[in-house]
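Coordinate inspection notes
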Amino acid sequence: MARIKVHELRQKTKAELLSQLKELKAELSLLRVAKVTGGAPNKLSKIKVVRLSIAQVLTVISQK
């Protein structure tokens with residue numbers, strides 16, 4: 001998943017944001033498992049992007 005644009009998040013409803021948050025957390029858990037099992041380096045760098053996206057979604061949810 002690519003970085004999420006904040007202006008796109010602000011256009012979504014709260015329900016859509018919550019579902020996206022759930023998907024991001026699931027993806028993060030899969031990436032953490034890949035890290036423990038010695039996954040590919042591109043997956044390890046993706047952890048940072050997913051964590052940033054989760055923070056952006058949580059920020060927009062709290063603003064609504």
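Data block above holds the structure.
This write-up is about the structure you can find in this document.

Digging into the overall build of the protein chain
Looking only at helices and strands, one finds 3 helices and 0 strands in the protein chain. The N-to-C order of helical and strand elements in the protein chain reads α-α-α. With respect to the principal axes defined by its C-alpha atoms, the protein chain has extents near 40 × 15 × 15 Å. Every one of the 64 residues in the protein chain was classed for burial, and the buried ones make up 28%. Expressed as a percentage of contacts within the protein chain between residues at least 6 apart in sequence, the contacts between residues at least 24 apart total 66%. Accessible area for the protein chain stands at about 4,500 Å²; split by element, carbon and sulfur atoms hold 59% of it. Between the averaged position of the 14 positive side-chain charges in the protein chain and that of its 4 negative side-chain charges there is a distance of 9 Å.

Some points on the environment of N42
Secondary-structure assignment places N42 in helix α3 (residues 41-63). For N42, a relative accessible area of 54% translates into the label exposed. Linking N42 and T13, residues 29 residues apart in sequence, is a C-alpha distance of 32 Å.

Some remarks on the side chain of Q20
Take Q20: it is sitting in helix α2 (residues 14-36). Given the relative accessible area of 9%, Q20 is considered buried. One polar contact links Q20 to K12, side chain to side chain, over a distance of 2.9 Å. Setting aside anything within four residues of it in sequence, one finds Q20 in contact with I4, L9 and K12.

Considerations on α3
For an α-helix the count is 3.6 residues per turn, leaving residues at separations of three or four pointing the same way. An ideal rise of 1.5 Å per residue puts 33 Å on 23 residues; α3 measures up with 35 Å between its terminal C-alpha atoms. Of all the residues in α3, the buried ones are I47, V50, S53, I54, Q56, V57, V60 and I61. Tucked into the core, α3 has its buried residues touching α1 (6-10) and α2.

Rules used throughout
- Residues numbered from 1 in each chain as written.
- Predicted model: local features only at pLDDT ≥ 70, side-chain atom pairs only at ≥ 80, totals over all residues.
- Heavy atoms only, no water.
- Helix = DSSP H or I, 4+ residues; strand = E, 2+ residues; numbered from the N terminus.
- Buried < 20%, exposed > 50% of the residue type's maximum accessible area, 1.4 Å probe, protein only.
- Contact = heavy atoms within 4.5 Å.
- Areas by Shrake-Rupley, 256 points an atom, 1.4 Å probe, with all protein chains shown as cover.
- Lys, Arg positive; Asp, Glu negative; His and termini not counted.
- Charge placed at Lys NZ, Arg CZ, Asp CG, Glu CD.
- Polar contact = N/O pair within 3.5 Å; in protein donor to acceptor, adjacent residues only side chain to side chain.
- Expected span 1.5 Å × (residues − 1).

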